[in-house]
Amino acid sequence: MSRDLILDKLRRNAAGGQSRAEREKAVAKRIRSASRGVLPAQPRAATARVTQFMEKAEAAQATTVMTTRTGVAEAIADWLRAHNLPAEIRTGKDERLKALLGGKAGNLILRQGPSDGTDTTGVSHAECGVCETGTLIVLSGADNPTTLNFLPQNHIVVLRRSDILAHYEDIWPRLRTAYGKGQMPRTVNMITGPSRSADIEQTLLLGAHGPVRLHIVIVRD
Amino acid sequence: MEITTPQFKQNVTGALADRQLQRALSHVRGNFVGKRAAAAAALPEFEALRDEARNIKNHVLENLDIYLETFEKNVTRQGGKVHWAATASEARGHILDICRKVGARSATKGKSMISEEIGLNAFLEESGIRPVETDLGEYIIQLRGERPSHIIAPAVHVNADQVREDFRRVHTHLPPERPLEEPESLLAEARAILRDQFLSSDVGITGANFLVAETGTSVIVTNEGNGDLTQILPRVHIVIASLEKIVPTLEDMSQILRVLARSATGQEMSVYTTLSSGPKRKGDPDGPDEFHVVLLDNGRSDMIGTEFQDMLRCIRCGACMNHCPVYQAVGGHAYGWVYPGPMGSVLTPQFIGVEKGGNLPNASTFCGRCEEVCPMRIPLPKMMRHWREKEFERHLSPPAHRRNLKAWAWLAKRPGLYRLFTRLAARGLWVLGGAKRRTGFLPMAGAWTRHRDMPTPEGGTFLAQWKAGRHRTGQGTGGAS
């Protein structure tokens, strides 16, 4: 009832003179074309993009490290040790992580499944990163609980070097290819640095409700 | 909800004399303005992106009916449900129904100005459901029984010592002698208390920065991560959003994201931009079982096709209030309802009526800074002028105000007389100013001179100086105007 009331009013008041059919065509075209608008200039070379990604992520108070496929477990263990954190991590059942950590986890204790808030460190695998602002894209799914990104005090994200993209607009065609047009994972998290608040006298404090630390492990591939 | 907008003048007098408030407001001037300027300057495409953002929203507003239908179709396809609300009370009703159906006792909340607009917290409390604000700023003002004084920094009017007192007063289960001197300890205390609330909540309510028509996705932009914990932990996620939050595609959202954080806090990107589409999927280990979007109109459809349509481009970044000399001087509560600053001065008369809200569009010097920094290029001063015209047409402005305007119009239409009058006024002020060249006494303007001196004219009127040819040498610019 309210639905029809609102839509009727909008229909009457909207768009000077154009017919409904013309407007429907314009809307369908806009959604189909998914035009990219103004894209801020980014470095052309892949290496320069990676460097910029790391710089931007660090400017947002994340830390980064680059390693090889066989060095991921050690990189994680090193970082935990450096911050005096227990050598325990929680991950989803993500195959990519399993391939990188499986067997070679050394003295790391691995736990699997969603977090209930008692874990110190969660580890996720990113779908991609964007060098524009050092932003990580993490998707939810059967093997990727969203709680891992928010409940543990520390969040480690593994990102393949070749998945570092130039613009946010480069993310969406990937999702359309993977999930189908108009389809989405339940949750897409775009993450730029660790959680923070400036609500008390505009003073920046890290670790408001989400993780206090965000560490990005970039894997050469 | 209590509306004190009609008492704007008294509110302002109180705000100017409030030392705690004045101390807190210095953070607005010191922080937001410089950070926004630096962020804008660091992105060469910033101005082009503002144009693009404006064009996207204009296109949406011209086709809002079709986009809303598309959005609804796609939410449904993803397994969610859209609830339409023509009025605030209808929106509250939808939310209560959803809460009752799952037997909710409490609801955690992400930051939402629409929730303030519909007075959701008081209503839920009356209905036996405890609303828990989880944004740190919102949590602080909920403890204080206040309303946000800023749309992105709700507790900007509060100082750390006040927060400390509030925490000691309310968190009585904690040892009274615990140290709370460092801001970090205040944050840690709030984090621990709210963590329990997140984990035990039945329903999570968030706002939305964008609704993506293409995919039926709702998007929130936050720094704390509270919105995310609000929506992934409880069984039910309710999004409360107004109609104009629609963008056509994920690409369009990306364009506007680039101007949003830069204009708001001066960040290049907020920490968490989260896209939610429907309830959790088969096999998902976490996420809500139900996903609801309550779409609020509350008078917005009446703005489409009018001189106020451009206002619906607003993305609630807060840049206009951060840069407003009036907001900087009096803060947000003086505006007397939900939305403060220049955007509030345009929206408030629309929502509560110009007879109650007409004070606000008058409280502007039309300095134009709000329009200059608005990422969506909303002509805010022009719209405030529209409200002034409406107020005048409907004979709502005070009699003295109308008399003075009429007298001025009468004078301005008689050039000879006007010149004589301004010449005499300039001379008179010059005498009053004396050697100091300023005066603290002006007939009929005592309220103005109570807070500052009036600089007095140094030479003749502008016209007289122009005639004398002094403009060629660039001298004598101090005429009365």
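Small disclaimer: the values here were computed from a predicted structure and weren't measured.

Chemist: Residues and numbers for the overall build of chain B, please.
Modeler: In terms of helices and strands, chain B carries 23 helices and 12 strands. For 481 residues, the compact-globule formula gives about 23 Å, and the C-alpha radius of gyration of chain B, at 25 Å, lands near that figure. Taken over the C-alpha atoms alone, chain B extends approximately 85 × 60 × 45 Å along its principal axes. Excluding contacts between residues fewer than 6 apart, the proportion of contacts in chain B whose partners are at least 24 apart in sequence is 70%. Carbon and sulfur atoms make up 54% of the accessible area of chain B, which totals about 19,600 Å². Within chain B, one finds 61 positive and 53 negative side-chain charges whose respective centroids are separated by 10 Å.

Chemist: Which residues make up the environment of His83 of chain A, and what values go with them?
Modeler: Residue and element names in this part refer to chain A. Its place among the elements puts His83 in the loop between helix 4 (72-82) and strand 2 (88-91). Put simply, His83 and Arg96 are 13 residues apart on the chain and 25 Å apart in space, counted from C-alpha to C-alpha. Within the structure, the side chain of His83 is placed 3.0 Å from the backbone oxygen of Trp79, a separation counted as a polar contact.

Chemist: How would you summarise the pattern of salt bridges if you had to cite specific residues and measurements?
Modeler: Opposite charge on two side chains lets them pair, provided their charged atoms get close. All names here are of chain A. If you walk through the whole model with that rule in mind, you get 47 salt bridges over all chains. Between Arg160 and Asp221 there is a salt bridge whose closest N-O contact spans 3.8 Å. Within this pair, whereas Arg160 is found in strand 7 (residues 154-160), its partner Asp221 is found in the segment after strand 12 (213-219), the two being separated by 61 residues in sequence.

Chemist: Could you give me a rundown of the interface of chain B and chain A, with the residues and numbers involved?
Modeler: The interface is formed by 101 residues belonging to chain B together with 77 residues belonging to chain A. Taking both sides of the interface into account, the surface hidden between chain B and chain A amounts to around 7,400 Å²; carbon and sulfur atoms contribute 57%. Ranking the residues of chain B by area buried against chain A places Arg191, Glu251 and Arg258 of chain B at the top, with a combined share of 10%. Joining chain B to chain A, the criterion identifies 14 salt bridges. With a shortest N-O distance of 2.8 Å, Arg20 of chain A and Glu69 of chain B are connected by a salt bridge. Where chain B meets chain A, there are 49 residue pairs in polar contact (both at pLDDT 80 or more). Within the side of chain B that touches chain A, the residues separate by chemical class into 45 nonpolar, 29 polar and 27 charged. The pairing of strand 9 (residues 187-191) of chain A with strand 9 (residues 272-276) of chain B spans 5 bridges and is antiparallel. Across the sheet, the residue bridging to Met190 of chain A is Thr273 of chain B, located in strand 9 of chain B.

Chemist: Go over unusual backbone geometry with me, naming the residues and quoting the values.
Modeler: For residues that are not glycine, phi is negative in most cases, and the peptide bond is trans in most cases. All names here are of chain B. We note that His395 has phi near 55 degrees; this positive angle belongs to a residue other than glycine. Mapped onto the secondary structure, His395 falls in the loop between helix 19 (380-393) and helix 20 (399-412). Judged by its relative accessible area of 57%, His395 falls in the exposed class. The residue Arg437 is not glycine, and still its phi comes out positive at about 60 degrees. Exposure remark for Arg437: the relative accessible area of 29% places this residue in the partly exposed category.

Chemist: Would you mind going over the nonpolar core in detail, with residue names and values included?
Modeler: In globular proteins that are soluble, nonpolar side chains generally tend to be buried together. Ranked by size, the top nonpolar core spans 129 residues in total, and within it Ile171 of chain A together with Ile95, Met311 and Tyr339 of chain B carry the most contacts. Of all the elements, helix 12 (residues 250-264) of chain B adds the most residues to this core, at 7 residues. Looking at which domains feed residues into this core, each of domain 1 (1-42 + 318-397) and domain 2 (43-134 + 200-301) of chain B supplies at least three. Among residues more than four places away in sequence, those in contact with Met311 of chain B are Met303, Met343, Val346, Leu347, Ile378, Leu380 and Met383 of chain B. Phe53 of chain A together with Tyr139, Val158 and Tyr272 of chain B belong to the second-largest nonpolar core, a separate cluster that totals 43 residues.

Chemist: Just give me the short version of helix 2 (residues 19-41) of chain B, but keep the residues and values in it.
Modeler: Residues and elements named next belong to chain B. Its 23 residues give helix 2 an end-to-end C-alpha distance of 34 Å, which sits within 8% of 33 Å, the value for a rise of 1.5 Å per residue. Every buried residue of helix 2 is accounted for by Leu21, Ala24, Leu25, His27, Val28, Asn31, Phe32, Arg36, Ala39 and Ala40. The elements touched by buried residues of helix 2 are helix 1 (8-17), helix 3 (46-62), helix 12, helix 13 (319-322), helix 14 (325-330) and helix 18 (369-373). Of the residues flanking the start of helix 2, the one acting as N-cap is Asp18, its side-chain oxygen 3.2 Å from the backbone nitrogen of Gln20.

Chemist: Could you give an account of the side chain of Ser218 of chain B, with specific residues and numbers?
Modeler: Residue and element names in this part refer to chain B. Secondary-structure assignment places Ser218 in strand 6 (residues 217-222). For Ser218, a relative accessible area of 2% gives the class buried. Leaving out residues up to four positions away in the same chain, Ser218 has contacts with Ala208, Phe210, Leu211, Val239, Thr274, Leu275, Ser276 and Phe291.

Chemist: A description of a nonpolar patch on the surface should follow, citing residues and the corresponding values.
Modeler: All names here are of chain B. Among the surface-exposed residues, Trp410, Leu417, Leu420 and Leu424 lie close enough to one another that they form a single nonpolar patch of about 400 Å² accessible area. Relative to the elements of secondary structure, Trp410 occurs in helix 20. A relative accessible area of 47% means that Trp410 is categorised as partly exposed.

Chemist: So what's going on with the packing of aromatic side chains? Residues and values would help.
Modeler: All names here are of chain B. Overall, the coordinates contain 9 aromatic pairs over all chains when judged by the stated rule. Ring pairs connect the aromatic residues Phe8, Tyr327 and Tyr335, which therefore count as one cluster. A cation over a ring is seen here: Arg92 above Phe123, with NZ or CZ 5.6 Å from the ring centre. Across from the ring centre of Phe366, 5.0 Å away, lies the NZ or CZ of Arg385, which sits over that ring.

Chemist: How would you summarise the pairing of strand 7 of chain A if you had to cite specific residues and measurements?
Modeler: Residue and element names in this part refer to chain A. Taking burial as the measure, the 7 residues of strand 7 include 6 buried ones, the bulk of the element. Of the pairings in the sheet, the one linking strand 4 (residues 121-125) to strand 7 comprises 5 bridges and is parallel in character. Note that in strand 7 the partner of Val123 across the bridge is Ile156. Where strand 7 and strand 12 come together, 7 bridges link them in parallel fashion. Of the residues in strand 12, the one forming a bridge with Ile156 is His215.

Chemist: So what about helix 2 (residues 20-33) of chain A? Which residues, and what values?
Modeler: If you check helix 2 of chain A, its first and last C-alpha atoms are 20 Å apart, about what 14 residues at 1.5 Å a residue would give, namely 20 Å. Restricting attention to buried positions, one finds in helix 2 of chain A the residues Arg23, Val27, Arg30 and Ile31 of chain A. Looking straight down helix 2 of chain A, one finds that the buried residues subtend no more than 95 degrees of arc, so they occupy a single side. Turned more than 90 degrees away from the buried face of helix 2 of chain A, the exposed residues are Ala21, Lys25, Lys29 and Arg32 of chain A. Turning to helix 2 of chain A, the residues buried within the fold contact helix 1 (2-13) of chain A together with helix 3, helix 4 (64-77) and helix 12 of chain B. Among the residues trailing helix 2 of chain A, Ala34 of chain A stands out with phi positive, at a value near 45 degrees.

The rules behind these values
Residues numbered from 1 in each chain as written. Chains lettered and ligands numbered in written order. Predicted model: local features only at pLDDT ≥ 70, side-chain atom pairs only at ≥ 80, totals over all residues. Heavy atoms only, no water. Helix = DSSP H or I, 4+ residues; strand = E, 2+ residues; numbered from the N terminus. Rg over C-alpha atoms; globule rule 2.2 N^0.38 Å. Contact = heavy atoms within 4.5 Å. Areas by Shrake-Rupley, 256 points an atom, 1.4 Å probe, with all protein chains shown as cover. Lys, Arg positive; Asp, Glu negative; His and termini not counted. Charge placed at Lys NZ, Arg CZ, Asp CG, Glu CD. Polar contact = N/O pair within 3.5 Å; in protein donor to acceptor, adjacent residues only side chain to side chain. Salt bridge = Lys/Arg side-chain N within 4 Å of Asp/Glu carboxyl O. Buried area = accessible area lost by both parts, 1.4 Å probe. Nonpolar A, V, L, I, M, F, W, Y, C, P; charged D, E, K, R; others polar. Pairing = 2+ DSSP bridges. Buried < 20%, exposed > 50% of the residue type's maximum accessible area, 1.4 Å probe, protein only. Core = buried A, V, L, I, M, F, W, Y, C linked by side-chain atoms within 4.5 Å. Domains from an automatic or database assignment. Expected span 1.5 Å × (residues − 1). Patch = residues over 30% accessible without salt bridge, like charges linked within 9 Å, V, L, I, M, F, W, Y side chains within 5 Å. Phe/Tyr/Trp six-rings, centres within 6.5 Å; stacked < 30°, edge-to-face > 60°. Lys NZ or Arg CZ within 6 Å of the ring centre and 35° of its normal. Arc of directions from axis to C-beta.

Just distances and angles here, no functional claims.
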